[in-house]
Amino acid sequence: MKIIPTPAKIENKDGSFELSALGAICLSADADRRVAKAAVTLRDEIEELSESVDSVKLCRTDLTCGGMKKISVSHKPGDKEEGYRVKICADGIEICGDSARGAFYGIQTLRQMIHEYGDALPACDITDAPDFPERGFYHDVTRGRVPTLEQLYHIADLLSYYKINSLQLYVEDSYEFVEYDGVMRAEDVLTADEIMALDDYCYDRFIELVPSIATFGHLYNLLQSEKYRHLCELADYKPGALYWIEKMAHHTIDVSNDESIEVIKSLIDQFIPLFRSDKFNICCDETFDLCRGRNAGKDAGEEYFKFLMKIIDHVKSRGKTVMMWGDIALEQPDKLHYIPKDTIMLNWTYEANPDENKVKTFAEHGLNQIVCPGTSSWNRFVEELDRSEGNITKLVEYGKKYGALGVLNTNWGDFGNICSFNCSLYGMVIGAEKGWKADSVLGHDFEMAASSLLYDSDDVNVIDLIRTMGRCERTCDWMVFMYWYSANTVEGRTTELALDADKAIENNRTLDKVIETLRSIPDNEGDERYTDLILACRAIQLMNRVHLKINGIEGYTDKEALLADFEKWIPEYREAWLRDNKESQIGLIEKFVREIALY
């Protein structure tokens, strides 16, 4: 069966249930309102997908269902337990949840079965529950793309469909904080109304929307502004590299200035009221500049933990449980005793074969942790499956071994967030799969289930095509190119751009075949998912040609021809960007690719 996450137990039975005989979906009288809403979605999909069903009655009690064949939905009190059972036989379907949440997840499983089997559902008993209570998705809305509210709703729909129960948006400057007034364009940031609307939307889908903002490092636009420049650790700092490199690499706040913590408290206080969640992610990662400027000569470890505790104390005073990235704390294990035991450490690492000791260290110090692998879609036009599969699998394995609370699968947007959300979907569902069932196998059957559910392709393995795309992008690494271009233009240094020319040419030919295959998949014309995959293929081809041109490879030196092909791609990429996102940084992307075509 093509069900993601893979259920813990499926017992196949003889026979089937014919949706054409369905008369009603019957909810128990005490069913949670959110479960009732999910039942409406189920009914609408049945009526849309089944040619033989005209209308299905939605009932709140068996008394109004009469003798009709029905889908019965019930659950035990509460909304925390996540187990459920689905029983399908010729006479009807029963969904029973260990709580409202469990019933909601049972409905998602049935929706996926209908997607696969259509009118005739095979008789079976499914008993299911997750391995981890925390199964989250972390989405960057700061470094390039700022999604529209409609796109955020779409992301929440997908997460709930795959039983992910937590969402965090990474925010530096992409919210209407008063400190950024005049720094960020109002139309390019998320508003309080949008955040609160998303919080309601997530609540209806049993997703906890957890606030997450930069509060220590990664404060580039704040600390480059005229009003707050004096709070930057690096006094009188002048940017000397490309914007995206600067935004990633610098701007830690001055821990010795009393005004600094007041600014951070203000950011926190503006954000907290927008969320139901009892958690707050203060980030506090990658404080690269600490004690390299105004605080030079001081112990960076001591200064980090002193300022960290000020932030933690303030968040706790607002009644919230603190979450924070664990990278800087892990560098100084002798100081981990500073961190309160009720803090949740977010333990990230993104190698294909991650270091187990990172997870072991927090466990040995008695700190709660959530393991944080990644989709490996950042710095790229398409996700890198050869990395994400190993990274997510191994980190979840370590998390289970050392008693982690769960999984927070990260989807970053480094260096402009050039990757469309539709080009990172498989990494998302790997996280959903492993967070639910840690020892599941990511084999061919799982790929075909993902191909069907994510891209509506049952005959062509779209996941394998995406894997091929990711491999073809290795000859034109976006981040490596960024650093090379910055050095040779903005910074005034001369460096070589490494290239395997024969492989780049071969990769572009391979991508021609991938595009041809994607276009041949039935009923995908105008489908945004395929539009975005094909745009990514073309972008990788263009970037391979940029590398070939810069290296003077014969047959690839015509910059006007390259620019002309970029000019064909740019409007389509812009249209796809604005379909799902605010204007945000698309203009910078367009300007940059035109510059590199003519370089």
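Note that the structure is predicted; figures quoted are calculated from it, not measured.

Looking at the overall build of the protein chain
For the protein chain, the helix and strand inventory stands at 19 helices and 15 strands. Over its C-alpha trace the protein chain gives a radius of gyration of 25 Å, about what one expects of a compact globule, namely 25 Å for 599 residues. Along the longest, intermediate and shortest principal axes, the C-alpha atoms of the protein chain span 80 × 65 × 45 Å. Excluding contacts between residues fewer than 6 apart, the proportion of contacts in the protein chain whose partners are at least 24 apart in sequence is 76%. For the protein chain, the exposed area adds up to about 23000 Å²; of that, 48% sits on carbon and sulfur atoms. Averaging the coordinates of the 68 positive side-chain charges in the protein chain and doing the same for the 104 negative ones gives two points 2 Å apart.

Some remarks on the state of the cysteines
Applying the stated criterion across every chain, the model contains zero disulfides. We note that Cys89 lacks a disulfide partner, and the nearest cysteine sulfur, in Cys124, lies 10 Å from it.

Digging into empty space enclosed by the protein
Taking a probe equal in size to a water molecule and rolling it over the atoms shows the remaining empty space. This model, assessed by the stated rule, comprises four cavities of 30 Å³ or more. Contributing to the lining of the largest cavity are 14 residues, with His139, Arg145, Cys419, Ser420 and Phe421 lying nearest its centre. There is about 90 Å³ of room inside the second largest cavity. Lining the second largest cavity are 13 residues; nearest its centre among them are Arg145, Ser420, Asp532, Tyr573 and Ala576.

Here we look at the sheet that holds strand 3 (residues 57–59)
The sheet built from seven strands is open, its strands ordered 1-7-5-6-4-2-3 with mixed pairing. The sheet terminates laterally at strand 1 (9–18) and strand 3, the two strands that pair on one side only. Averaged over all pairs of adjacent strands, the angle between strand axes in this sheet comes to 15°, irrespective of strand direction. Both strand 5 (residues 84–89) and strand 6 (residues 92–97) contribute to a ladder of six bridges, which runs antiparallel. Looking at strand 6, one finds that Cys89 is bridged to Gly92. Each of strand 4 (69–75), strand 5, strand 6 and strand 7 (120–128) touches helix 2 (residues 100–117); the most contacted strand, strand 7, lies at about 150° to it.

Let's talk about the packing of aromatic side chains
Applying the stated criterion to the full structure yields 42 aromatic pairs. Taking the centre distance of 5.4 Å and the plane angle of 80° together, the rings of Trp484 and Tyr599 count as edge-to-face. Of this pair, Trp484 sits in helix 15 (residues 478–488) while Tyr599 sits in the segment after helix 19 (586–598), and the two are 115 residues apart along the sequence. For Trp484, a relative accessible area of 7% corresponds to the buried category.

Things to note about helix 17 (residues 528–550)
The first and last C-alpha atoms of helix 17 sit 33 Å apart over 23 residues, in line with the 33 Å expected at 1.5 Å per residue. Burial analysis of helix 17 places 19 of its 23 residues in the buried class, which makes it a mostly covered element.

Side note on the nonpolar core
Ranked by internal contacts, the top residues of the largest apolar core, which has 165 residues, are Tyr162, Ile282, Phe381, Met428 and Trp569. When residues in this core are grouped by element, the largest group, 11 residues, is from helix 17. In contact with Met428, other than residues within four places in its own chain, are Phe137, Leu158, Leu159, Tyr162, Ile164, Thr375, Asn409, Phe421 and Leu454. In terms of nonpolar packing, the next biggest core, distinct from the first, is built from 34 residues, Ile3, Phe104, Leu110 and Leu121 among them.

Some words on unusual backbone geometry
The omega torsion across Ile4 and Pro5 is 0°, close enough to zero to call that bond cis. Counting through the fold element by element, Pro5 comes out in the segment before strand 1. A positive phi angle, near 65°, is found at Cys291, a position not held by glycine. Secondary-structure assignment places Cys291 in the loop between strand 11 (279–281) and helix 8 (300–317). Its relative accessible area of 11% is what places Cys291 among the buried residues. A positive phi angle is found at Asp523, which is not glycine, with a value near 60°. Structurally, Asp523 is set in the loop between helix 16 (501–520) and helix 17.

As for the layout of surface pockets
By volume, the largest pocket is sized at about 890 Å³. In this structure, the largest pocket is lined by 32 residues; those nearest its centre are Glu45, Arg111, Asp157, Leu158 and Tyr161. By residue number, the principal contributor to the lining of the largest pocket is helix 1 (residues 33–49), which donates seven residues. Classifying every residue of the lining of the largest pocket by side-chain character gives 11 nonpolar, eight polar and 13 charged. If you add up the space inside the second largest pocket, you get close to 520 Å³. Looking at the second largest pocket, it is lined by 22 residues, and the ones nearest its centre are Tyr350, Trp378, Asn379, Asp414 and Met479. Tallied by class, residues from the lining of the second largest pocket come to nine nonpolar, four polar and nine charged.

Points about the sheet that holds strand 10 (residues 208–210)
Strand pairing in a sheet takes place through backbone hydrogen bonds and is either antiparallel or parallel in direction. Across the sheet, eight strands lie side by side as 10-9-8-15-14-13-12-11; this open sheet has parallel pairing. Each edge of the sheet is formed by a strand with only one pairing partner; in this case those strands are strand 10 and strand 11. Averaged over all neighbouring strand pairs, the angle between strand axes comes to 25°, with direction disregarded. As paired strands, strand 13 (residues 344–348) and strand 14 (residues 368–372) are joined by five bridges and run parallel to one another. What sits directly across from Trp348, in strand 14, is Cys372. Sheet contacts for helix 4 (residues 192–203): strand 9 (166–170) and strand 10; angle to strand 10, the most-contacted strand, approximately 150°. Against the sheet, helix 8 touches strand 11 and strand 12 (321–325), its axis set at about 145° to strand 12.

Thresholds applied
- Residues numbered from 1 in each chain as written.
- Predicted model: local features only at pLDDT ≥ 70, side-chain atom pairs only at ≥ 80, totals over all residues.
- Heavy atoms only, no water.
- Helix = DSSP H or I, 4+ residues; strand = E, 2+ residues; numbered from the N terminus.
- Rg over C-alpha atoms; globule rule 2.2 N^0.38 Å.
- Contact = heavy atoms within 4.5 Å.
- Areas by Shrake-Rupley, 256 points an atom, 1.4 Å probe, with all protein chains shown as cover.
- Lys, Arg positive; Asp, Glu negative; His and termini not counted.
- Charge placed at Lys NZ, Arg CZ, Asp CG, Glu CD.
- Disulfide = S-S within 2.5 Å.
- 1 Å grid on protein atoms, 1.4 Å probe; cavity = no way out; pocket = protein on both sides within 12 Å on 5 of 7 lines; lining within 4 Å.
- Points joined across faces, edges and corners; volume = space filled by probe spheres on them.
- Pairing = 2+ DSSP bridges.
- Axes fitted to C-alpha atoms, helices over the stretch in contact; angles between N-to-C directions.
- Phe/Tyr/Trp six-rings, centres within 6.5 Å; stacked < 30°, edge-to-face > 60°.
- Buried < 20%, exposed > 50% of the residue type's maximum accessible area, 1.4 Å probe, protein only.
- Expected span 1.5 Å × (residues − 1).
- Core = buried A, V, L, I, M, F, W, Y, C linked by side-chain atoms within 4.5 Å.
- Nonpolar A, V, L, I, M, F, W, Y, C, P; charged D, E, K, R; others polar.

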